[in-house]
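Per-entry structural report
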Amino acid sequence: MEKTCLHFCTVSCLILFFLVRSWYPPSKPELPDCSGLHAAWCTSKNRIFSNSKGGSMLQTQIQKSTDHSTETPQHPLDPLTIREINRVRTILSSYEPFSSTFPTIHTLLLDQPDKLQVFRWKKGDPLPPRQASVLALLNGQSHVLSVDLDSSSVTSHAINPSSGYPMLSMDDILGASKVPFSNAEFNKSITARGVSLSDLICITPSAGWFGPNEEGKRVIRVQCYSNGGTSNFYMRPIEGLTMTVDLDKMEVLKISDTGRGIPVPKSTNTDYRYTVQEKQPEMEPLNPISIEQPKGPSFRVEDGHTVKWANWVFHLKADQRAGLLISRAMVRDSETGELRNVMYQGFSSELFVPYMDLDESWYFKSYMDAGEFGLGTTASPLVPLNDCPRYSYYMDGFFVTPDGKPFVQPNIICLFERYAGDISWRHLENPLNGFQIREARPKVTLVARMAASVGNYDYIFDWEFQTDGLIRIKVELSGMLMVKGSPHRNVYQVPNQDDMSGPLISENVVGVVHDHFITFHLDMDIDGANNSFVNVNLVKEESLLGESPRKSYLKAKRKIAKTEKDAQIKLKLYDPSEFHMINPSKRSRLGNPTGYKIVPGGNAASLLDHDDPPQLRSSFTNNQIWVTPYNKSEQWAGGLLAYQSRGDDTLAVWSERNRPIENKDIVLWYTMGFHHIPCQEDFPIMPTVSSGFELKPVNFFESNPILRAAPAFEKDLPVCRPSASS
């Protein structure tokens, strides 16, 4: 009986791990079907699958993927196709260092052509040579390779170029998740806590890096939860039980078992699925709402990845590590009709999430979600009408399994037009001035969206394009808190609340205080590659005696950054600046350099000591703004090999070189942050919170680029009436 129970527990754990920290299947199937073991892979984390729980009504709305098996690339930046991925695998199989043992493939992506080649390419031209960039692991060593598909050869190969390892593979996660169940001490602890083995769900938090004792081997932590009575196992932690597992040997190195006196929180009111709710919300019901487009959407997608809408053209694709990737963003000049360069490439480079608890089972929780798990591989299929509105266009992602075979992650990007009643511009002139003018224009925007379900948290990434040339980047957070079990049912039982790592959010459940930092790589190419960074500082000036009734005023003082250290910026409310990226060689008719400025939204800064191990690895959060010279090898703010890295290959390390950046091909980096002090409203699933920033034209256009935009008229809109009541 115990063996049967253990087997069920292990299988349940394996099934769930298709949903938890990595979404791609293990190394065996090339394109898994949606039956048997892979059923869970075909569902989103928001619709948890298990053997004992019913599914969600939203599952049936996920759209089917397109057959991509015969596609060919049409643009220099198109992702590797199914055929190309298979070809890379064939090349690596015959490569001498891998001839006896094929390595585990952790990422396999397009090795992008040089920027100059991409700039010169026109539709109809032959594509630049197609190359692949591969991160692989063999015998505990990291391999970084470039593979040329035209010559069928490996053109570069580096071994262990820096500290750290590639992002985790599904084989890593599945293998580590099985290890504790064969450990007698682990099973004894679970039994002593009164938890049924058949209710166990285990997850694999990344290990971080905390000094030389953790070097020389890949390790991971394993922690478990109970899903008894709920699909939301995250709210039922088995507190204080942590296994450290060697990922290469797949054996337990250490067990920490400190929480036997802490009860597992009850399952009451933890399930978030619509189908299991027993009562309606205490509010007036909302009628269905939808934005109708009788003529269809105004955008089009050409050749699979080139988006054209209004005055914008850009390339859009999914990336295994970065998630949603925007390239070659160009906007049409409002006077000449010329397409002008704005941004060569923009994406989320890293996502740092440190938790503020020093306990043995918590201190290491300092995730780097892009470099350790991948924002693309954890992206879930988007749910029509709920994740994305009508007339959305869906795009698939092309990734690889650990044995180098391709698979398709369906519908992980959606593209849609948004109208929320906002105004592009308006003015009403008072009749007392001799005019009677009422002019307004509706704001319609284009949104590219992806949602990554990285374990308990869901991150929604929006890139929103406006017709006035503005790009708005927004990140929304939802999902479940990572909570800590507590012996206390209410605050009156807590001897000293200051000793807690967060507030009680439910009975026996603590919401641990934590941060989220998302660093964006923004390769701005304003009217060309060579740009400069300008700090436009607002300085208070005192008026001279008798000069004016005013005593003080503000002046904007411009300073062009000469080197990288000049552009290391900490945002300050009482020392405000605007931050411009300009092209000093391109001027408006008035002589102003054309440019864009970054407009920060709500933000937070990391307060950790700079020599704290998590902060050493994530030192790219030491500033909110950085500017570096463009370097093809400097894309990932936390380093190419982020897992268990020591912080020796980060944005902060690169920037300390203090290279020249004036009138150069430069990259703007921006970090947005959230401090999260949990509250009861975050239980059992969090309402979405968001923040963002904008990239806004500054003297880029000769005047308001949407001055001549047409207003909306009643005759142009569909006539919609409510149906007759019964």
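Criteria and thresholds
Residues numbered from 1 in each chain as written. Predicted model: local features only at pLDDT ≥ 70, side-chain atom pairs only at ≥ 80, totals over all residues. Heavy atoms only, no water. Disulfide = S-S within 2.5 Å. Helix = DSSP H or I, 4+ residues; strand = E, 2+ residues; numbered from the N terminus. Buried < 20%, exposed > 50% of the residue type's maximum accessible area, 1.4 Å probe, protein only. Patch = residues over 30% accessible without salt bridge, like charges linked within 9 Å, V, L, I, M, F, W, Y side chains within 5 Å. Areas by Shrake-Rupley, 256 points an atom, 1.4 Å probe, with all protein chains shown as cover. Salt bridge = Lys/Arg side-chain N within 4 Å of Asp/Glu carboxyl O. Polar contact = N/O pair within 3.5 Å; in protein donor to acceptor, adjacent residues only side chain to side chain. Contact = heavy atoms within 4.5 Å. Pairing = 2+ DSSP bridges. Axes fitted to C-alpha atoms, helices over the stretch in contact; angles between N-to-C directions. Core = buried A, V, L, I, M, F, W, Y, C linked by side-chain atoms within 4.5 Å. Phe/Tyr/Trp six-rings, centres within 6.5 Å; stacked < 30°, edge-to-face > 60°. pLDDT = per-residue confidence, 0-100. Expected span 1.5 Å × (residues − 1).

1. Quick word on the state of the cysteines
Evaluated as defined, the whole model comprises 2 disulfides. Here Cys202 pairs with Cys224 through a disulfide, and the sulfurs are 2.1 Å apart. In this structure, the disulfide formed by Cys202 and Cys224 twists by about 90 degrees around the S-S bond and is classed as right-handed. In this pair, Cys202 sits in strand 5 (residues 200-203) while Cys224 sits in strand 6 (residues 219-226), placing the two residues 22 residues apart along the sequence. Since its relative accessible area comes to 0%, Cys202 is described here as buried. On the basis of relative accessible area, Cys224 is assigned to the buried category, the value being 2%. In this model Cys388 forms its disulfide with Cys414; the gap between the sulfur atoms is 2.2 Å. Torsion about the S-S bond of the Cys388 and Cys414 cystine: about -90 degrees, corresponding to left-handed handedness.

2. A closer look at a nonpolar patch on the surface
Residues Ile291, Tyr419 and Val444 make up a contiguous nonpolar surface patch of roughly 250 Å² in combined accessible area. Relative to the helices and strands, Val444 is located in the loop between strand 18 (437-442) and strand 19 (445-454). Note on Val444: relative accessible area 32%, which makes it partly exposed.

3. Description of the side chain of Ser226
Within the element layout of this structure, Ser226 appears in strand 6. What makes Ser226 buried here is its relative accessible area of 4%. Looking at Ser226, its side chain comes within polar contact range of the main-chain nitrogen of Gly228, at 3.2 Å. With sequence-adjacent residues up to four places away left out, Ser226 is seen in contact with Val195, Asp199, Phe233, Arg236, Ile238 and Val264.

4. What about the pairing of strand 3 (residues 141-148)?
A large share of strand 3 lies buried, amounting to 7 of its 8 residues. In the sheet, strand 2 (residues 131-138) pairs with strand 3 via 8 bridges, with the strands oriented antiparallel. Looking at strand 3, one finds that Ala132 is bridged to Val147. Once strand 2 ends, the chain turns through 2 residues before running back antiparallel as strand 3, passing Asn139 with a positive phi of about 55 degrees. The hairpin turn running from strand 3 into strand 4 (residues 153-159), its antiparallel successor, is 4 residues long, and Ser152 in that turn takes a positive phi close to 55 degrees.

5. Quick notes on the sheet that holds strand 1 (residues 104-110)
One open sheet holds the 4 strands; their spatial order is 1-2-3-4, and the pairing between them is antiparallel. Of all strands in the sheet, those bounded by a partner on one side alone are strand 1 and strand 4. Across the sheet, the mean angle from the axis of one strand to that of its neighbour is 20 degrees, orientation sign disregarded. Sheet topology note: the strand 1/strand 2 ladder contains 6 bridges and is antiparallel. Bridging across to strand 2, Leu109 finds its partner in Ser133. In this fold helix 2 (residues 82-93) packs onto strand 1, strand 2, strand 3 and strand 4, with an angle of close to 115 degrees to the strand it touches most, strand 3.

6. Details of helix 4 (residues 170-178)
With 7 of its 9 residues buried, helix 4 lies for the most part within the structure. Buried within helix 4 we find Met170, Asp172, Ile173, Leu174, Gly175, Ala176 and Ser177.

7. Observations concerning the nonpolar core
Among the nonpolar cores identified, the biggest contains 113 residues, and Leu316, Trp463, Leu522, Met524, Phe533 and Leu695 are the most heavily contacted of them. Here Leu695 is in contact with Met343, Gly469, Leu470, Ile471, Ile473, Leu522, Met524, Tyr596, Lys597 and Ile598, once residues within four sequence places are set aside.

8. Some thoughts on the side chain of Lys115
Residue placement: Lys115 occurs in helix 3 (residues 115-120). When residues no more than four places from it in sequence are discounted, the contact partners of Lys115 are Tyr344, Asp523, Asp525, Tyr630 and Asp665.

9. Here's the deal with the packing of aromatic side chains
Here the structure, examined in full by the defined rule, presents 24 aromatic pairs. Ring plane angle 85 degrees and centroid distance 5.5 Å describe the contact between Tyr363 and Phe364, whose orientation is recorded as edge-to-face. On the basis of relative accessibility, which here comes to 24%, the residue Tyr363 falls in the partly exposed class. Phe364 sits in the buried class, given a relative accessible area of 1%.

10. Quick look at the pattern of salt bridges
Under the definition given, this model contains 43 salt bridges. Across the salt bridge formed by Asp172 and Arg218, the nearest N and O atoms sit 3.0 Å from each other. Of the two residues, Asp172 is situated in helix 4 and Arg218 in the loop between strand 5 and strand 6; the sequence distance between them amounts to 46 residues. Each member of the pair, Asp172 as well as Arg218, is classed as buried. For Asp648, the salt bridge identified is with Arg646, shortest N-O distance 3.9 Å.

11. Brief notes about the sheet that holds strand 5
A sheet is described by the order of its strands in space; here 4 strands give the open sequence 5-6-7-8, paired in antiparallel fashion. The open sheet has two edge strands with one neighbour each: strand 5 and strand 8 (251-257). Ignoring which end each strand starts from, the neighbouring axes of this sheet average 30 degrees apart. Note that strand 7 (residues 237-246) and strand 8 share 6 bridges and pair antiparallel.

12. Focus on the confidence of the model for the chain
On average, residues of the chain score 90 in pLDDT, and 90% of them reach the 70 mark or higher. Confidence over residues 1-54 falls short of pLDDT 50; this stretch has 158 contacts with residues more than four positions distant or in other chains.

13. Quick notes on the pairing of strand 13 (residues 339-354)
Burial of strand 13 is extensive: 15 of the 16 residues sit out of reach of the surface. As paired elements, strand 12 (residues 323-332) and strand 13 share 6 bridges and run antiparallel to each other. Paired with Ser327 across the bridge in strand 13 is Gln345. Between strand 12 and strand 13, which follow one another and run antiparallel, lie 6 residues, and Gly337 among them has a positive phi close to 80 degrees. For strand 13 and strand 25 (residues 514-524), the ladder comprises 8 bridges, and the chain directions are antiparallel.

14. A look at the environment of Leu110
Checked against the element boundaries, Leu110 lands in strand 1. Relative accessible area serves as the criterion here: at 11%, Leu110 is assigned to the buried category. Each C-alpha atom of the pair Leu110 and Ser133 lies 5.9 Å from the other, and the pair is 23 residues apart in sequence. Every residue in contact with Leu110, bar those within four places of it in the chain, is listed here: Pro76, Leu77, Asp78, Leu80, Arg130, Gln131, Ser133 and Lys317.

15. Overview of helix 2
Here helix 2 contains 12 residues, and its C-alpha end-to-end distance of 17 Å stays within 8% of the 16 Å for a straight helix at 1.5 Å per residue. Listed as buried for helix 2 are Ile82, Glu84, Ile85, Val88, Ile91 and Leu92.

16. Quick look at the environment of Ser548
Inspection of the secondary structure puts Ser548 in the loop between strand 26 (530-542) and strand 27 (552-560). Residue Ser548 is classed as partly exposed on the basis of its relative accessible area, which comes to 35%. Within the structure, the side chain of Ser548 is placed 3.0 Å from the backbone nitrogen of Arg550, a separation counted as a polar contact.

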